[in-house]
Amino acid sequence: MNYQLGTIDTVILILYGLIMVAMGIYFLRKTKTSEEFMVAGRGIPAWAAGIAVMSAYTSSISYIAVPGKAFDDNWHPLIFALTALPVAWFVTKYVIPHYRKHKIISVYKYLEEKIGDWGRIYASFSFVLFMVGRTAVILYLSSLLLTSFIDIDIRTLILIIGVLTIAYTLMGGMEAVIWTDVLQSIIMIGGLLFSAYILTTEVFSKPDFLIQNAFDANKFSLGDTSMSLSSRTILVMVIYGVTENIRNLMADQNYTQKYSSVATEKKAKRSVWIAMLIYLPLTAIFLYIGTAMFAFYAGGEHVLDPSIIKGDEVFPYFIATELPVGLKGLIIAAILAASMSTVDSALNSSATVLYLDYYKKYFRPNASEKSSIGFLRWTTVIWGILGIIFSLLLINAKSALDIWWQISGIFGGGILGLFLLAIFNVKIKPWQGITAVVFSILIIIWGTFLRNLSPQLDWLECTLDPIIIGAVATAGLIVLSLLFAVTNKRGK
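My aim in this report is to walk through the structure given alongside it, one point at a time. (Residues numbered from 1 in each chain as written. Predicted model: local features only at pLDDT ≥ 70, side-chain atom pairs only at ≥ 80, totals over all residues. Heavy atoms only, no water.)

### Structural notes on the overall build of the protein
- Scanning the protein for helices and strands turns up 18 helices and zero strands.
- If you line up the protein on its principal axes, its C-alpha atoms span 75 × 60 × 45 Å.
- Here the protein holds 492 residues, and the buried ones make up 56% of them.
- Of the roughly 20,300 Å² that the protein leaves accessible, carbon and sulfur atoms contribute 67%.
- Of the charged side chains in the protein, 37 are positive and 31 negative, and the gap between their average positions amounts to 16 Å. (Helix = DSSP H or I, 4+ residues; strand = E, 2+ residues; numbered from the N terminus. Buried < 20%, exposed > 50% of the residue type's maximum accessible area, 1.4 Å probe, protein only. Areas by Shrake-Rupley, 256 points an atom, 1.4 Å probe, with all protein chains shown as cover. Lys, Arg positive; Asp, Glu negative; His and termini not counted. Charge placed at Lys NZ, Arg CZ, Asp CG, Glu CD.)

Structure, rendered in structure tokens:
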């Protein structure tokens, strides 16, 4: 569907883009060393770093998909946010103290210290490839959404969003990333709160009291309580939430680099808790909007366009048809903000990993600050261009989300397992570790591709819910590694 924005809303979007570039120019003069580019000289306030960590959890996908999921189903995504709380305790108690003690910027250096060079090389290389895929999918999906509101070809939108994000990330480094994330998060949260307010005044008003439609349809449920692993049960969401949140906060440079940008260990811990205490209610608001939209459109007075067939399409329709002029532009800017805050983090963290784990370690250990900052900026540009190119290729893909899931599974599958082995000091030989990683990737391939097989091959078929394949692969890596460790001890 196509809901074109008026002049005022379009001007708001243009102003938003100009402000992002202006912030990059402002921070350019404050980014003169490699450390300032990577961790902003460790001078970021804990609250700002916390907001930036929270923004890494959200994207334009979250803005549309989470309300869409609540509209179609129920509140089971809230379980993911709830599992972040015990994970935050684990990370602040055991992980951050070690990272701060050793002044770690690239989190993959930790793997080298614990399990050897091979672990650092595998994890860091997987991460930077992972970030190309992440950048591509976010640029594509956000541009696809914007084509419903702006009469511009999707290829042009991908280029505009991509170049704008590259520009301010390139100029301002991590300080620009964090402070633009703060601004973008304020816009995003403001847009959400206003949308929630508009819906609340409609669905709780008498005499209709439309919210009853959501209660009658059991829309506030957290999901199936059975022990099945083949459907989206509460158990499946807990497994997924715990493993994914540990990977995010312990092993993903996107997150660790932001809480490394503060001055002390205490502030780093505080930033993680600030992120979690914002993210949990924010997720509830996303879900509430989806549920309230269900109640709103189930009452009979407000009717969805017949062409809308899935929940992901409902929020854009609500924005286009129910919000007043000016607010539409702000909400679209909020969705764009969520997208750009994800992409800027991906670009800066990719440049940091390429610099510390390859350029500085293997090619120019004594590189000057001039060459270091030049390398960081050039890799930001190159990785941004790669993201744009792959985003353009996704235009003809059957399902961008399926491709993203496969990319994240294959490149992210073994990383969490390696970090868990490292933190618990499991000693294995390099060939054993590589074997365990290959085993985990084979599990991911099995869980991704071997589905809906013919009756003759149904014994090979994977029936597990797709979102926990990464957790199963991580478990496989750990179990095989522990067997190797036990064998090594007995062989001594």
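The structure having been displayed, the exposition proceeds.
### Structural notes on the nonpolar core
- By size, the foremost hydrophobic cluster in this structure holds 146 residues, and its most contacted members are Tyr 63, Met 250 and Phe 419.
- Beyond its immediate stretch of four places on either side in the chain, Tyr 63 contacts Met 188, Gly 191, Leu 192, Phe 286, Phe 315, Ile 331, Ala 334, Ile 335 and Ala 338.
- Counting residues in hydrophobic clusters, the runner-up holds eleven residues, among them Phe 37, Met 38, Ala 351 and Leu 356. (Core = buried A, V, L, I, M, F, W, Y, C linked by side-chain atoms within 4.5 Å. Contact = heavy atoms within 4.5 Å.)

### Section: the packing of aromatic side chains
- The final tally for this structure, using the stated rule, is 25 aromatic pairs.
- The interplanar angle of 35° and the centroid separation of 4.6 Å between the aromatic rings of Tyr 57 and Tyr 279 together place this pair among those described as tilted. Highlighted residues: Tyr 57 in helix H3 (residues 46-57) and Tyr 279 in helix H12 (residues 265-298), separated in sequence by 222 residues. Residue Tyr 57 shares its accessibility class with Tyr 279, and that shared class is buried.
- Ring centres 6.3 Å apart and planes at 45° place the aromatic pair Tyr 355 and Phe 375 in the tilted group. With a gap of 20 residues between them, Tyr 355 in helix H14 (residues 327-363) and Phe 375 in helix H15 (residues 369-393) connect regions that are remote in the sequence.
- Taken together, the ring pairs in this structure connect Tyr 57, Phe 80, Tyr 240, Tyr 255 and Tyr 279 into an aromatic cluster.
- If you follow Lys 219 out to its NZ or CZ, it ends over the ring of Phe 294, 4.5 Å from the centre.
- Sitting over the face of the ring of Tyr 362, Lys 361 holds its NZ or CZ atom 5.3 Å from the ring centroid. (Phe/Tyr/Trp six-rings, centres within 6.5 Å; stacked < 30°, edge-to-face > 60°. Lys NZ or Arg CZ within 6 Å of the ring centre and 35° of its normal.)

### Description of a nonpolar patch on the surface
- On the surface, Val 11, Ile 14, Leu 15, Leu 18 and Ile 19 cluster together into a nonpolar patch covering about 450 Å² of accessible area.
- Locating Leu 15 in the fold gives a position in helix H1 (residues 7-28). (Patch = residues over 30% accessible without salt bridge, like charges linked within 9 Å, V, L, I, M, F, W, Y side chains within 5 Å. Salt bridge = Lys/Arg side-chain N within 4 Å of Asp/Glu carboxyl O.)

### Quick word on the packing of H3 against H12
- Contact pair H3 / H12: the axes reach a minimum separation of 7 Å and the direction vectors enclose 45°. On the basis of their axis angle, the class for H3 and H12 is oblique. Of the two elements, H3 crosses H12, and the hand of that crossing is right-handed. Contacts from Ala 46, Trp 47, Ala 49, Gly 50, Ile 51, Val 53, Met 54 and Tyr 57 in H3 reach Lys 267, Arg 270, Ser 271, Ile 274, Ala 275, Met 276, Ile 278, Tyr 279 and Leu 282 in H12.
- Looking at the contact of H3 with H12 residue by residue, the classes come out as 13 nonpolar, two polar and two charged. (Axes fitted to C-alpha atoms, helices over the stretch in contact; angles between N-to-C directions. Parallel < 35°, antiparallel > 145°, perpendicular 65-115°, else oblique. Left-handed = near helix turned anticlockwise from the far one by under 90°. Nonpolar A, V, L, I, M, F, W, Y, C, P; charged D, E, K, R; others polar.)

### So, the side chain of Lys 258
- Here Lys 258 shows up in helix H11 (residues 253-259).
- Residue classification places Lys 258 among the buried positions, given a relative accessible area of 1%.
- In this structure the side chain of Lys 258 is engaged in a polar contact, spanning 2.9 Å, whose partner is the side chain of Asp 181.
- Sequence-distant contacts of Lys 258, defined by excluding residues within four places in its chain, comprise Ala 49, Ala 52, Val 53, Ser 55, Ala 56, Met 174, Val 177, Ile 178, Asp 181, Ser 341 and Ser 345. (Polar contact = N/O pair within 3.5 Å; in protein donor to acceptor, adjacent residues only side chain to side chain.)

### Overview of the pattern of salt bridges
- Under the defined criterion, the tally for this structure stands at ten salt bridges.
- A salt bridge links Asp 357 to Arg 120, with the shortest nitrogen-to-oxygen separation between them at 2.4 Å. Of the two residues, Asp 357 is situated in helix H14 and Arg 120 in helix H7 (residues 117-146); the sequence distance between them amounts to 237 residues.
- Put simply, Arg 247 and Glu 244 hold a salt bridge, and the shortest N to O gap is 2.7 Å. Placement of both Arg 247 and Glu 244 in helix H10 (residues 234-251) is noted, with a separation of three residues, approximately one turn of the helix. Summarising the burial analysis for this pair, Arg 247 and Glu 244 share the class buried.
- One salt-bridge network, in which partners are shared between bridges, spans Glu 112, Arg 120, Asp 357 and Lys 361.

### Thoughts on H12
- Spanning 34 residues, H12 covers 50 Å between terminal C-alpha atoms, matching the ideal 50 Å at 1.5 Å per step.
- Looking one or two residues past H12, Gly 300 carries a phi angle of roughly 100°, positive in sign. (Expected span 1.5 Å × (residues − 1).)

### Some remarks on the packing of helix H8 (residues 154-203) against H15
- Remark: H8 packs on H15, axes separated minimally by 10 Å, with the N-to-C direction vectors making an angle of 165°. As summarised for this structure, H8 and H15 are arranged roughly antiparallel, according to the angle between their axes. Here the hand of the crossing between H8 and H15 comes out right-handed. For the pair formed by H8 and H15, the contact residues are Arg 155, Ile 158, Leu 159, Gly 162, Val 163, Ile 166, Thr 169, Leu 170 and Met 171 on the first element and Arg 377, Thr 380, Val 381, Gly 384, Ile 385, Ile 388, Ser 391 and Leu 392 on the second.

### What about H1?
- Over its 22 residues, H1 extends 32 Å from the first C-alpha to the last, a length consistent with the 32 Å expected when each residue adds 1.5 Å.
- Within the span of H1, buried status applies to Asp 9, Leu 13, Tyr 16, Gly 17, Met 20, Met 23, Gly 24 and Phe 27. Along the axis of H1, the buried residues cluster in a sector spanning 115°; they form a single face. What points out from H1, more than 90 degrees from its buried face, is the exposed set Thr 7, Ile 8, Ile 14 and Leu 18. (Arc of directions from axis to C-beta.)

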